[in-house]
Amino acid sequence: MPIPQLTLHGSEKQRQTVDQTRVDACLQGDQTLTAALGLGAEFFAGMRRQAWALHDTGKHQRAIDIILGLAALGNVEPGDPALLALCYHGLGNESAADLCAAEAETLKAALALELQAQGET
């Protein structure tokens with residue numbers, strides 16, 4: 001078996017750890033991909049810390065890839081667009097940076113309104 005195929009298939013032990021019930025539930029729409037993969041808050045927090053570290057070391061595209069990957073998994077936090085804006089700015093893509101910065105401001109305003117509404121109840 002070629003090396004790439006080995007990597008894709010993993011070891012026999014790894015294949016045996018797949019919970020087919022979770023996979024089936026995900027494929028049938030009864031469970032999210034995040035739940036099927038067993039990803040929790042700790043995983044997402046760790047990935048965001050990694051994205052910030054990559055940004056801090058000038059590896060902007062890698063940080064962007066992580067944040068967009070988290071978004072693809074349905075895990076978006078209000079600080080994500082701000083980090084994307086900084087990364088796109090670091091890459092010199094000012095139009096994308098401006099769009100992300102505007103989204104960050106919109107989320108910040110919405111969050112402030114929500115916190116204000118909660119304080120009134």
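Structure: see above.
Residues numbered from 1 in each chain as written. Predicted model: local features only at pLDDT ≥ 70, side-chain atom pairs only at ≥ 80, totals over all residues. Heavy atoms only, no water.

Colleague: Would you mind going over the overall build of the protein with me for this structure?
Modeller: A count of helices and strands for the protein gives 8 helices and 0 strands. Counting from the amino terminus, the protein carries its helices and strands in the arrangement α-α-α-α-α-α-α-α. A buried classification covers 22% of the 121 residues belonging to the protein. Long-range pairs, those at least 24 residues apart, make up 40% of the contacts in the protein with a sequence separation of at least 6. (Helix = DSSP H or I, 4+ residues; strand = E, 2+ residues; numbered from the N terminus. Buried < 20%, exposed > 50% of the residue type's maximum accessible area, 1.4 Å probe, protein only. Contact = heavy atoms within 4.5 Å.)

Colleague: Which parts of the structure should I look at to understand the side chain of N75?
Modeller: Relative to the helices and strands, N75 is located in the loop between helix 6 (60-72) and helix 7 (80-91). The exposure class of N75 is buried, given its relative accessible area of 19%. In terms of polar contacts, N75 uses its side chain to reach the side chain of R48, at 2.8 Å. Those residues in contact with N75 that lie beyond four places of it in its chain are F44, R48, L70 and D80. (Polar contact = N/O pair within 3.5 Å; in protein donor to acceptor, adjacent residues only side chain to side chain.)

Colleague: What should I look at first to understand the nonpolar core in this one?
Modeller: Across soluble globular proteins, nonpolar side chains have a tendency to be buried as a group. Ranked by internal contacts, the top residues of the largest apolar core, which has 16 residues, are A51, I67, L84 and Y88. Secondary structure elements with two or more residues in this core: helix 5 (41-56), helix 6, helix 7 and helix 8 (94-120). (Core = buried A, V, L, I, M, F, W, Y, C linked by side-chain atoms within 4.5 Å.)

Colleague: Any chance you could explain helix 8 here in plain terms?
Modeller: Since one α-helical turn is 3.6 residues long, residues separated by three or four positions face the same way. The first and last C-alpha atoms of helix 8 sit 39 Å apart over 27 residues, in line with the 39 Å expected at 1.5 Å per residue. Along helix 8, the positions that sit buried rather than exposed are A96, A97, C100 and A104. (Expected span 1.5 Å × (residues − 1).)

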